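Survey of secondary and tertiary structure
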Amino acid sequence: MTPEEKRTFMLTTPVQRLIPRMAVPTIASMLVTSVYNLADTFFVSQLGTFATGAVGINSTIDNLIMMAGSMMAMGASSYTSRLLGAKEDEHARQVLSTCYFVAFALGLFVMAGGMLFQVPLLRFLGASDALMPYSRQYCRYILLAAPFMATSFVLNQCLRSEGSAFFAMIGMSTGAVLNIILDPIFIFSMDMGVAGASMATAISKLVSWTLLMIPYFRGKTLLKIHLKFFHPTWKDAKEVCVMGSAALFRTGMQTLSAIAINRVAITFGESALAAISVANRVARLVTSACLGFGQGFQPVAGFSWGARRYSRVEEGLRFSKMVGVLGGSLVALVVAIFAKPLLLLFTEDDAELVRIGVFSLRCQCAAFPVHAYVIVINMLCTATGNGKGAVLLGLSRQGLCFFPILYPMVALFGVWGIASVLAVADALSMLLAFPISRSVTRDLRRREAEQRSAEILQTA
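Notes on the structure in this doc start here. Chains are numbered independently. Their residues run from 1 in the order of the written sequence. Only residues with pLDDT of at least 70 get local features here, since the model is predicted, and only at 80 or more are side-chain atom pairs given and counted; chain-wide, interface and lining totals rely on the full set of residues. Processing note: side-chain calculations cover all non-hydrogen atoms of the structure and skip hydrogens and water entirely.

1. Notes on the overall build of the chain
When you go through the chain residue by residue, the secondary structure sums to 18 helices and 0 strands. Taking the principal axes of the C-alpha coordinates as reference, the chain spans close to 80 × 45 × 35 Å. Considering the chain as a whole, with its 460 residues, one finds that 59% of them fall into the buried category. Nonlocal contacts in the chain, meaning residues at least 24 apart in sequence, comprise 83% of its contacts between residues at least 6 apart. Total accessible area on the chain is roughly 18200 Å²; 68% of this is exposed by carbon and sulfur atoms. Under this rule, positive means Lys or Arg and negative means Asp or Glu; His and the chain ends count for nothing. Lysine's charge is taken at NZ, arginine's at CZ, aspartate's at CG and glutamate's at CD. On the chain, the mean spot of the 38 positive side-chain charges and the mean spot of the 25 negative ones are 5 Å from each other. A run of H or I in DSSP becomes a helix once it reaches four residues, and a run of E becomes a strand once it reaches two; helices and strands are each numbered from the N terminus. In this scheme, a residue with accessible area under 20% of its type's maximum is buried, one over 50% is exposed, and one in between is partly exposed, where area comes from a 1.4 Å probe on protein chains only. We call two residues in contact whenever any of their non-hydrogen atoms come within 4.5 Å of each other. Methods summary: accessible areas were calculated by the Shrake-Rupley approach with a probe of 1.4 Å, and residue burial reflects only the protein chains presented.

So this is what it looks like as structure tokens:
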């Protein structure tokens, strides 16, 4: 499509067709990525419970790298979709290029800091003496890929923001499939153990980055990335940081909550830590489907908001809430039914791992209808520039609703408290999401009424 054809496509296609068309490639790429995470854990689990626990420890390092890119990615995605909807293409290119190079610099910072302070970092993340050798092997190559991982978030989100969800899917999915292929080769055939899983992941992330850059190199996108477009301004920085801070806080809370869970879970033994790590990774399958659908809705809402099509934003919101909650509930039900067979894939003889993991996974599945609703409202806030709502919802699940209940639940219920704490936090996050949803809906209707009144006056 030409730029004008793509803009017309985003603003005139019925939302009931457009949102699924934008969401399906995103859901597919995120599900493939989640399957890759599970495959990575599956292959490593063949090396024993300690190796599985080390993967859980290092998933927090993935979150640290995500923090380096997520603020730039979500801030740029939100801002550029609104700029494109308002036909400010040159400005959108400057925003994307600036965010891309800043994300690369942040990735370099994480890489350098992680390399210099590797052992203290892993110890802080919850690695015991038994887990430390495996954790060190795993984090080595992941840190080397940090700059490319951070910028991949920006590329991925901004391709979606301009309606190029297919390109984003190809880049993310290909890397994930490659990782699944390389894992057994490096871990077993080359006898590299945990380090082989880490190297496979790093190579796959680099391949994903390369594929995500190809549409920009070939000029197949509305937006461009080049140093000549690097143009930081205070106004743009403020807008990107306000909207991106929601993603930063959300990822930061994920990181802190993962550290807290790891440090508490290890007090109940390596099996408990491995069980919760595996359950959380399986639960991400459902989360990925919900996030993918929400990210299909976000650019549609952003384009429509930038073009002052407020009734279209509200129509898309109603559709997304209904489909997101129903679809997330069905996927969660299937995962809950097959929870035990799924957990048995990751161990042969650790009954404690299976027992705790099944309980944790089913608890999270029970709370997923609420989680899906919160994701849609969060994406609405991000798309429309509602920084306050986006930040509050970004902080809710693994921050505001998590930390106040973590230690009381562990004190009351022991290991079962730590296994179910995320599900309870999900349920509590509805207390924030529902009033924010009502507030944004009222604002949309007010803007639509004002717009109609202005059109009537102009006609008169």
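2. What to know about the pattern of salt bridges
Whenever Lys or Arg places a side-chain nitrogen within 4 Å of a carboxyl oxygen from Asp or Glu, that contact is recorded as a salt bridge. This model, assessed by the stated rule, comprises 11 salt bridges. Between Arg397 and Asp426 there is a salt bridge, with its nearest N and O atoms 2.7 Å apart. With Arg397 in helix 16 (residues 387–400) and Asp426 in helix 18 (residues 415–459), this pair connects stretches of sequence that are 29 residues apart. The class for Asp426 is buried, based on a relative accessible area of 0%. Its salt-bridge partner being Glu450, residue Arg446 comes within 3.0 Å of it at the nearest N-O pair. With Arg446 and Glu450 both in helix 18, this residue pair falls 4 residues apart, about one helical turn. Of the residues examined, Arg446 reaches a relative accessible area of 40% and is grouped as partly exposed. Given the relative accessible area of 45%, Glu450 is considered partly exposed. It is possible to trace a salt-bridge network through shared partners that takes in Asp443, Arg446, Arg447 and Glu450.

3. Quick look at the packing of aromatic side chains
Ring geometry is summarised as follows: Phe, Tyr and Trp rings, the Trp one being its six-membered ring, pair when their centres sit within 6.5 Å, and such pairs are stacked at plane angles under 30 degrees, edge-to-face over 60 and tilted between the two. Enumeration according to the criterion identifies 9 aromatic pairs in this entry. Taken together through their ring pairs, the aromatic side chains of Tyr100, Phe101 and Phe230 make up a single cluster.

4. A few points about the packing of helix 7 (residues 146–161) against helix 9 (residues 194–217)
Where helix 7 meets helix 9, the closest approach of the two axes is 9 Å, and the angle between their N-to-C directions is 40°. Comparing the axis directions of helix 7 and helix 9 gives the class oblique. Between helix 7 and helix 9 lies a crossing whose hand is left-handed. When helix 7 is examined against helix 9, the residues Phe148, Met149, Thr151, Ser152, Leu155, Asn156, Cys158 and Leu159 are found in contact with a partner set consisting of Lys205, Leu206, Trp209, Leu212, Met213, Pro215 and Tyr216. Only C-alpha atoms enter the line fits that serve as axes; for helices the fit covers just the stretch in contact. Angles between N-to-C directions range over 0 to 180 degrees. Roughly parallel refers to an angle under 35 degrees, roughly antiparallel to one over 145, roughly perpendicular to one between 65 and 115, and oblique to any angle outside these ranges. A clockwise turn of the near helix away from the far one marks a right-handed crossing, whereas an anticlockwise turn of less than a right angle marks a left-handed crossing.

5. Some words on the side chain of Ser396
With respect to the helices and strands, Ser396 occurs in helix 16. In this structure, Ser396 is in contact with Val374, Cys401, Phe402, Ser429 and Leu432, ignoring residues within four places of it in sequence.

6. Digging into the nonpolar core
Generally speaking, a soluble globular protein has its nonpolar side chains buried in company with each other. Formed by 72 residues in total, the largest nonpolar core has its most connected members in Val154, Leu155, Tyr216 and Phe297. If near-sequence neighbours (up to four positions away) are discounted, Phe297 is found in contact with Ile19, Val313, Gly316, Leu317, Ser320, Val376, Met379 and Leu380. Definition of nonpolar core: a set of buried residues of the types Ala, Val, Leu, Ile, Met, Phe, Trp, Tyr and Cys, connected through side-chain atoms within 4.5 Å. Grouped together as the second largest cluster of nonpolar side chains are 70 residues, Ile259, Ile266, Ala275 and Leu361 included.

7. Description of a nonpolar patch on the surface
Patch membership is restricted to residues that have no salt bridge and whose relative accessible area is over 30%. Joining uses 9 Å for like charges and 5 Å for the nonpolar side chains Val, Leu, Ile, Met, Phe, Trp and Tyr. On the surface, Val177, Ile181, Ile185 and Met190 cluster together into a nonpolar patch covering about 340 Å² of accessible area. Relative to the elements of secondary structure, Val177 occurs in helix 8 (residues 165–189). Taking the relative accessible area as the measure of exposure, Val177 reaches 42% and is therefore partly exposed.

8. Quick notes on the state of the cysteines
What counts as a disulfide here is a pair of cysteine sulfur atoms lying within 2.5 Å. What the rule picks out here adds up to 0 disulfides. No disulfide involves Cys241; its nearest neighbouring cysteine sulfur is the one of Cys99, lying 8.1 Å away. Between Cys363, a free cysteine, and Cys365, which holds the nearest cysteine sulfur, the sulfur-to-sulfur gap is 9.4 Å.

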